[in-house]
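For reference, the chains in residue letters:
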Amino acid sequence: MARKLEYIKKSEARIMIFLEKTDNQLKCGKRIAEKLDIDYIYVMKMLSSMYEKGWLSTHNYNFTSYFNLTGKAPISMAKE
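Here goes a summary of the coordinates provided. Please read all numbers here as calculations on a predicted model, not as lab measurements.

**Description of the pattern of salt bridges**
Item 1. A complete count under the given rule lists two salt bridges for this structure.
Item 2. Between E12 and K53 there is a salt bridge whose closest N-O contact spans 3.0 Å. Here the residue E12 occupies a position in helix 1 (residues 10-21), and K53 occupies one in the loop between helix 3 (40-52) and strand 1 (56-61), the gap between them amounting to 41 residues.
Item 3. The exposure class assigned to E12 is buried, which follows from its relative accessible area of 1%.
Item 4. Between E20 and K79 there is a salt bridge; the shortest N-O distance is 3.4 Å. With E20 in helix 1 and K79 in helix 4 (residues 75-79), this pair connects stretches of sequence that are 59 residues apart.

Below is the structure:
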């Protein structure tokens, strides 16, 4: 049985590296978009996709969603 290869987009890699290195208060969609200079709507689309893949977990605080990496996130691939 062949192993299914997972490819990550450059923007997904940038988001993963940002989430790994940043403080918790900066891990919301708006701050990610500002710091990485990526369109907010596109960031939210990427975060949703990454959440569906199991790479991210979320928690809500004061009506804002914050994102964290899970153990399934291919962070080593993102650093390449």
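There is more to say, and it comes next.
**Quick word on the nonpolar core**
In a soluble, globular protein the nonpolar side chains are often hidden away together inside.
Item 1. Counting residues in each nonpolar core, the largest one holds 20 residues, and the members touching the most others are I15, M16, I32 and L47.
Item 2. Sorting the residues of this core by element identifies helix 1, helix 2 (29-36) and helix 3 as the ones contributing at least two each.
Item 3. Here the element with the most residues in this core is helix 1; it accounts for five residues.
Item 4. In this structure, L47 is in contact with I15, G29, I32, L56 and F67, ignoring residues within four places of it in sequence.

Scoring rules and cut-offs
- Along each chain, residue indices are assigned from 1 in the same order as the chain's sequence is written.
- With the structure being a predicted model, the display of local features is reserved for residues of pLDDT at least 70 and the display and counting of side-chain atom pairs for 80 or more, all residues being used for whole-chain, interface and lining totals.
- To get the side-chain values, take all heavy atoms of the structure and skip hydrogens and water.
- Salt bridges are defined by distance alone: a side-chain nitrogen of Lys or Arg within 4 Å of a carboxyl oxygen of Asp or Glu.
- Only DSSP runs of H or I with at least four residues qualify as helices, and only runs of E with at least two residues qualify as strands; both kinds are numbered from the N terminus onward.
- For the exposure calls, accessible area comes from a 1.4 Å probe over protein chains only, and a residue counts as buried if that area is under 20% of its type's maximum, exposed if over 50%, partly exposed in between.
- The set of buried Ala, Val, Leu, Ile, Met, Phe, Trp, Tyr and Cys residues whose side-chain atoms join them within 4.5 Å is what this entry labels a nonpolar core.
- Every residue pair with non-hydrogen atoms within 4.5 Å of one another is taken to be in contact.

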